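Given next are the chains, with one letter for each unit.
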Amino acid sequence: MDLGVRWKLHGDGRRPEPGAVVRPDERLSWPRTIGLGAQHVVAMFGASFVAPVLMGLDPNLAIMMSGVATAIFLLATRGHVPSYLGCSLSFVGVAAVIRAQGGTSATVTGAVFVVGVALFLVGLAVRRFGARIIHAAMPPIVTGAVVMLIGFNLAPVTASTYWPQDQWTALLVMLFTGLAVVCLRGFWSRIAIFLGLLFGYGISWAFDRIFGKIHSVDASGKLTDHWRLDLSAVGKADWVGLPSFHGPSFQWSAILVALPVVIALVAENAGHVKAVGEMTGETLDDKLGTAISADGVASMLSTAVGGPPNTTYSENIGVMAATRVYSTAAYWAAAGFALLFGLCPKFGAVVAAIPGGVLGGITVILYGMIGLLGAQIWLNARVDLRNPLNLVPAAAGIIIGVGGVTLEFTDNFSLNGIALGTLVVITGYHALRAMAPAHLKTQEPLLDEGTSSYDADDGPESTTPGRDQRASS
């Protein structure tokens with residue numbers, strides 16, 4: 001059985017030959033391949049570590065399971081789709097909602113485990129019936145609206161939780177990260193979030209030395225005098241050790257909040273596979289269902305032990321575009337590095353110590369990018385918002401999702417926010433389409449034909465919350 005773990009040496013093994021790319025089944029010399037693997041891990045540091053911290057999960061377990069998930073994905077796709085799997089920022093919103101309703105970390109991972117199951121089943125359906133089944137259920141107007149409401153639903157989290165902890169640090173980090181995303185080029189622009197984190201650490205440390213403790217709310221919401229950057233836990237952490245594990249807990253209210261993320265994940269996967277296919281010159285449409293299912297399996301495995309879900313991660317597409325190296329051997333190396341980082345509690349303590357003001361500045365950009373990716377889906381698919389069949393369900397669903405509107409059925413069961421907004425968009429669109437006159441029913445492109453584009457000069461722009469950050473996802 002071909003598992004995609006054998007690679008031919010590309011040229012002299014030093015660099016891609018002129019006008020050529022290093023294909024997934026090729027590799028450079030092992031030292032260069034291992035170096036590229038480390039580069040991929042660095043590229044995903046910013047968003048992939050921010051996401052589990054924002055979800056309240058163990059960053060050490062998150063990075064370790066991202067390595068496991070990457071290995072599962074590479075085996076499932078037989079090495080045809082180079083990708084690193086990390087935690088999509090699409091899950092941050094549902095985690096915040098679940099915790100606001102009194103949910104624990106186990107409740108969060110239980111709800112997301114069900115998302116992984118749903119994603120796995122969607123992948124099987126795509127393998128059986130083709131990508132058109134995605135379009136039939138989730139045309140671009142629906143997908144874009146759901147991605148938009150998921151992103152914008154996060155705005156109160158930044159405004160009420162992170163920004164008030166240190167507004168001036170948040171403002172400076174926001175400005176620096178924005179400049180890094182726009183002004184830097186190549187690999188450096190792909191790690192803009194990571195650079196923003198480093199800048200925020202430095203600013204927080206400097207402000208502590210210059211101004212002393214800050215009088216503001218802390219991470220628990222209490223108004224106190226506290227240090228902006230508290231590294232006390234780092235000194236106590238071991239250099240080597242296992243992360244903390246926990247089992248999932250299943251609650252219907254939490255599951256209903258999390259399920260809409262499946263739509264965003266399908267869009268992420270479709271955009272990722274399409275972008276990789278364009279860059280490598282391979283037709284990967286037949287791998288879409290396998291890629292989606294592999295993400296589902298990886299997410300189930302990670303959340304079963306208390307980690308975050310893992311999906312295809314876009315910062316690494318930028319690294320591939322910049323280096324012209326698409327070798328899956330580099331991703332196996334990246335998976336190995338991730339496992340090593342996961343076994344270093346001191347490293348996780350450094351991540352967990354990210355100051356609230358730093359997260360405030362970064363999440364302003366990240367959450368906004370996630371929401372605006374919905375608009376990008378509409379633009380790429382040429383969705384006509386002058387058409388009331390598109391406008392009405394999207395408008396209603398977005399306002400419900402962003403505003404946190406609640407629909408109570410009984411004293412113990414209600415739908416609100418993301419779950420209710422998504423339900424309104426999907427059911428509203430299909431119900432109105434069934435009753436709409438013929439002239440309003442225009443043919444839209446397939447989802448996987450409208451979620452990504454590739455520019456040979458600047459690299460791919462895709463619709464993943466991870467790419468957003470770039471860029472979610």
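- Labelled according to an unreviewed UniProt entry, the chain appears under the name Solute carrier family 23 protein, originating from Streptomyces siamensis.
- As its UniProt record puts it under Sequence similarities (unreviewed entry), the chain is described as follows: "Belongs to the nucleobase:cation symporter-2 (NCS2) (TC 2.A.40) family."
- Regarding the chain, the relevant UniProt record gives this comment under Subcellular location (unreviewed entry): "Membrane".

1. A word on the packing of helix α6 (residues 140-152) against helix α13 (residues 261-280)
- Running from N to C, α6 and α13 point in directions that differ by 115°, and their axes come no closer than 9 Å. Relative to α13, α6 is oriented roughly perpendicular. Seen from above, α6 lies across α13 with left-handed handedness. Residues Thr143, Val146, Val147 and Ile150 of α6 form the contact with α13, whose own contacting residues are Val261, Ile263, Ala264 and Ala267.
- Across the contact of α6 with α13, the residue classes break down as seven nonpolar, one polar and no charged.

2. Observations regarding the packing of aromatic side chains
- Per the stated rule, a full pass over the model turns up five aromatic pairs.
- Pairing Phe176 with Phe199 gives two aromatic rings, centres 4.3 Å apart and planes at 5°, and the pair type is stacked. Of this pair, Phe176 sits in helix α8 (residues 167-183) while Phe199 sits in helix α10 (residues 192-211), and the two are 23 residues apart along the sequence.
- Taking the relative accessible area as the measure of exposure, Phe176 reaches 30% and is therefore partly exposed.

3. Digging into the nonpolar core
- Counting residues in hydrophobic clusters, the biggest one holds 101 residues, and the most contacted among them are Met55, Phe91, Val92, Tyr367 and Trp378.
- Of all the elements, α13 adds the most residues to this core, at 12 residues.
- Among residues more than four places away in sequence, those in contact with Tyr367 are Leu54, Val92, Gly151, Leu154, Val157, Thr158 and Tyr162.

4. Things to note about unusual backbone geometry
- Non-glycine residue Arg78 carries a positive phi angle of around 55°.
- Structurally, Arg78 can be placed in the loop between α2 (59-76) and β3 (84-86).
- Here Arg382, not a glycine, exhibits a phi torsion of approximately 55°, which is positive.
- As for its position among the elements, Arg382 is in the loop between α18 (356-380) and α19 (388-403).

5. Comments concerning the pattern of salt bridges
- In this structure the tally under the stated criterion is four salt bridges.
- Put simply, Asp208 and Arg228 hold a salt bridge, and the shortest N to O gap is 3.1 Å. Taken together, the residues Asp208 in helix α10 and Arg228 in the loop between β5 (223-226) and α11 (232-236) connect sequence positions 20 residues apart. No difference in accessibility class separates Asp208 from Arg228, as the two residues are buried.

6. Regarding the packing of α2 against helix α14 (residues 288-304)
- Direction vectors running N to C along α2 and α14 enclose 150°, while the axes themselves pass 9 Å from each other. Considering their axes alone, α2 and α14 lie roughly antiparallel with respect to each other. Crossing of α2 over α14 shows right-handed handedness. Touching Met65, Val68, Ala69, Ile72, Phe73 and Ala76 of α2 are Thr290, Ala291, Ala294, Asp295, Val297, Ala298, Leu301 and Ser302, all from α14.
- By residue class, the composition of the contact of α2 with α14 is 11 nonpolar, two polar and one charged.

7. Remarks on the environment of Leu379
- As for its position among the elements, Leu379 is in helix α18.
- Note on Leu379: relative accessible area 68%, which makes it exposed.
- Residues Leu379 and Pro140, spaced 239 residues apart in sequence, show a C-alpha to C-alpha distance of 9.4 Å.

So, how was this worked out
- Residues numbered from 1 in each chain as written.
- Predicted model: local features only at pLDDT ≥ 70, side-chain atom pairs only at ≥ 80, totals over all residues.
- Heavy atoms only, no water.
- UniProt positions renumbered as here; feature names shortened; annotations may be inferred.
- Axes fitted to C-alpha atoms, helices over the stretch in contact; angles between N-to-C directions.
- Helix = DSSP H or I, 4+ residues; strand = E, 2+ residues; numbered from the N terminus.
- Parallel < 35°, antiparallel > 145°, perpendicular 65-115°, else oblique.
- Left-handed = near helix turned anticlockwise from the far one by under 90°.
- Contact = heavy atoms within 4.5 Å.
- Nonpolar A, V, L, I, M, F, W, Y, C, P; charged D, E, K, R; others polar.
- Phe/Tyr/Trp six-rings, centres within 6.5 Å; stacked < 30°, edge-to-face > 60°.
- Buried < 20%, exposed > 50% of the residue type's maximum accessible area, 1.4 Å probe, protein only.
- Core = buried A, V, L, I, M, F, W, Y, C linked by side-chain atoms within 4.5 Å.
- Salt bridge = Lys/Arg side-chain N within 4 Å of Asp/Glu carboxyl O.

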